[in-house]
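Here's the letter readout for the chains.
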Amino acid sequence: MNYSNIKGNLESIQNRINEAAMRANRDPKDIKLIAVSKTKPNEAILNALEAGQLHFGENRMQELQSKMDEIPNEQAQWHMIGTMQSNKIKYIAHRVNWIHSVGKAKYLNEIDKRAGQSDHHVNVLIQINISDEDQKSGCDIRDLERILEQARQYEHITVKGLMGMARFTNNPEEVRSEFALLKSAFDSHQYLNGGNIDLTELSMGMSNDFEVAIEEGATMVRIGSAIFGARN
Ligand SMILES: *Cc1c(COP(=O)(O)O)cnc(C)c1O
């Protein structure tokens, strides 16, 4: 695979982000592009860095750990976006910048403990199950208030927002209502802000549905294949 197109792919995604933002009367600067580099070699990430991309997402904790080790770029921001496993949190919590996929309060405890050991601070998003598909993780919207209240005790975590994954579909219009549901949970829990709860980020939208997600309020889009090519 040749990774020389990454710069052009990033530019064309950025243009599409800008257009979707304009359609929704939003400032494109309020939308962060997270380049999802899972399964891709360091060479691909280095090309993206060279093109000015600074936010990278990975879905496996050990892969994220080795990429953080092998790509020592001070400005790169690393996002854990995949399924959490309590026993692997120790590999990343002391150095990762963002964790999007916290669906259970017990993970907060482990993240805080491990981050605290290195005096590190982690931005966390609570993942909500918006698609009602069993294989997608995330908490029930009804548990969100309880998880946020529990998060208040942790010194090494700021809860910065919510994350969700829509059902896979070839027609992104079909999942507009799932994104709208996440946005409404985001809006209706703003009253809990204060201390280390600061709900400002809404992570939703992937290669096939990010424009609809932006129209519905996404502030972070997680895009892999449209930047780096299809995965095996
Ligand atoms: C892989 C992945 C993405 C990116 O998927 P693409 O369809 O390649 O853009 C986004 N979010 C999560 C949680 C993922 O695991």
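Above this text sits the structure in question.
Let us look at the structure shown here. Values in this document were obtained by computation on a predicted structure and should not be read as measured data.

Rules of the game
- Residues numbered from 1 in each chain as written.
- Predicted model: local features only at pLDDT ≥ 70, side-chain atom pairs only at ≥ 80, totals over all residues.
- Heavy atoms only, no water.
- Helix = DSSP H or I, 4+ residues; strand = E, 2+ residues; numbered from the N terminus.
- Buried < 20%, exposed > 50% of the residue type's maximum accessible area, 1.4 Å probe, protein only.
- Expected span 1.5 Å × (residues − 1).
- Contact = heavy atoms within 4.5 Å.
- Near = heavy atom within 4 Å.
- Polar contact = N/O pair within 3.5 Å; in protein donor to acceptor, adjacent residues only side chain to side chain.
- Areas by Shrake-Rupley, 256 points an atom, 1.4 Å probe, with all protein chains shown as cover.
- 1 Å grid on protein atoms, 1.4 Å probe; cavity = no way out; pocket = protein on both sides within 12 Å on 5 of 7 lines; lining within 4 Å.
- Sits in = over half its atoms within 2 Å of the grid points.
- Nonpolar A, V, L, I, M, F, W, Y, C, P; charged D, E, K, R; others polar.
- Lys, Arg positive; Asp, Glu negative; His and termini not counted.
- Salt bridge = Lys/Arg side-chain N within 4 Å of Asp/Glu carboxyl O.
- Phe/Tyr/Trp six-rings, centres within 6.5 Å; stacked < 30°, edge-to-face > 60°.
- Lys NZ or Arg CZ within 6 Å of the ring centre and 35° of its normal.
- Pairing = 2+ DSSP bridges.
- Points joined across faces, edges and corners; volume = space filled by probe spheres on them.

Some words on unusual backbone geometry
- Positive phi outside glycine occurs at Asn25, with the angle close to 55°.
- Along the chain, Asn25 falls in the loop between α1 (6-23) and β1 (32-36).
- The exposure class assigned to Asn25 is exposed, which follows from its relative accessible area of 75%.

Here we look at helix α4 (residues 105-117)
- Helix length check: α4, at 13 residues, gives a terminal C-alpha distance of 19 Å against a target of 18 Å (1.5 Å per residue), a fit within 8%.
- Every buried residue of α4 is listed here: Ala105, Tyr107, Leu108, Glu110, Ile111, Asp112 and Ala115.
- Those residues of α4 that are buried are in contact with β4 (98-102), β5 (122-128), α5 (144-151) and β6 (157-164).
- Following α4 by one or two positions, Asp119 has its phi on the positive side, about 50°.

Quick look at the site of the ligand
- Close to the ligand lie Val36, Lys38, Ile81, Met165, Met206, Ser207, Arg222, Ile223, Gly224, Ser225 and Arg231.
- Measuring from an oxygen atom of the ligand, one finds a side-chain N or O atom of Arg231 at 2.8 Å.
- Protein coverage of the free-state accessible area of the ligand, which is 380 Å², stands at 91%.
- Of the pockets mapped on this structure, the ligand occupies the largest pocket.
- Counted by class, the shell around the ligand contains five nonpolar, three polar and three charged residues.

Notes on the side chain of His189
- On the secondary structure map, His189 appears in the loop between α6 (176-188) and β7 (197-203).
- Overall, the relative accessible area of 9% leaves His189 in the buried class.

What about the side chain of Asp112?
- Following the sequence through the fold, Asp112 ends up in helix α4.
- Buried charged residue Asp112 carries no salt bridge. Nearest counter-charge: Lys113, at 10 Å.
- In this structure, Asp112 is in contact with Tyr154, Glu155, His156 and Ile157, ignoring residues within four places of it in sequence.

Regarding the packing of aromatic side chains
- In total, this model carries one aromatic pair according to the counting rule given.
- Geometry around Tyr91 places Lys90 over its ring, the cationic atom sitting 5.3 Å from the centre.

Focus: the pattern of salt bridges
- The tally for this structure, following the rule as stated, stands at 17 salt bridges.
- One salt-bridge network, held together by shared partners, links Arg23, Glu173, Arg176, Glu215 and Glu216.

Concerning the pairing of β5
- For β5, the buried fraction is high: seven of the seven residues fall into the buried class.
- Residues of β5 alternate between two faces, with Val122, Val124, Ile126 and Ile128 on one and Asn123, Leu125 and Gln127 on the opposite face, all of them buried.
- Pairing geometry for β5 and β6, over seven bridges, is parallel. Among the inter-strand pairings, Ile128 is bridged to a residue of β6, identified as Gly164.

Points about the layout of surface pockets
- Reported here for the largest pocket is a volume of approximately 630 Å³.
- Looking at the largest pocket, it is lined by 27 residues, and the ones nearest its centre are Lys38, Asn59, Ile81, Gly82 and Met165.
- Looking at the lining of the largest pocket, the elements that each hand over two or more residues are α3 (61-70) and β8 (220-223).
- If you add up the space inside the second largest pocket, you get close to 250 Å³.
- If you go around the second largest pocket, you meet 13 residues; those closest to its centre are Gln14, Leu33, Gly52, Gln53 and Leu54.
- Broken down by class, the residue content of the lining of the second largest pocket amounts to five nonpolar, four polar and four charged.

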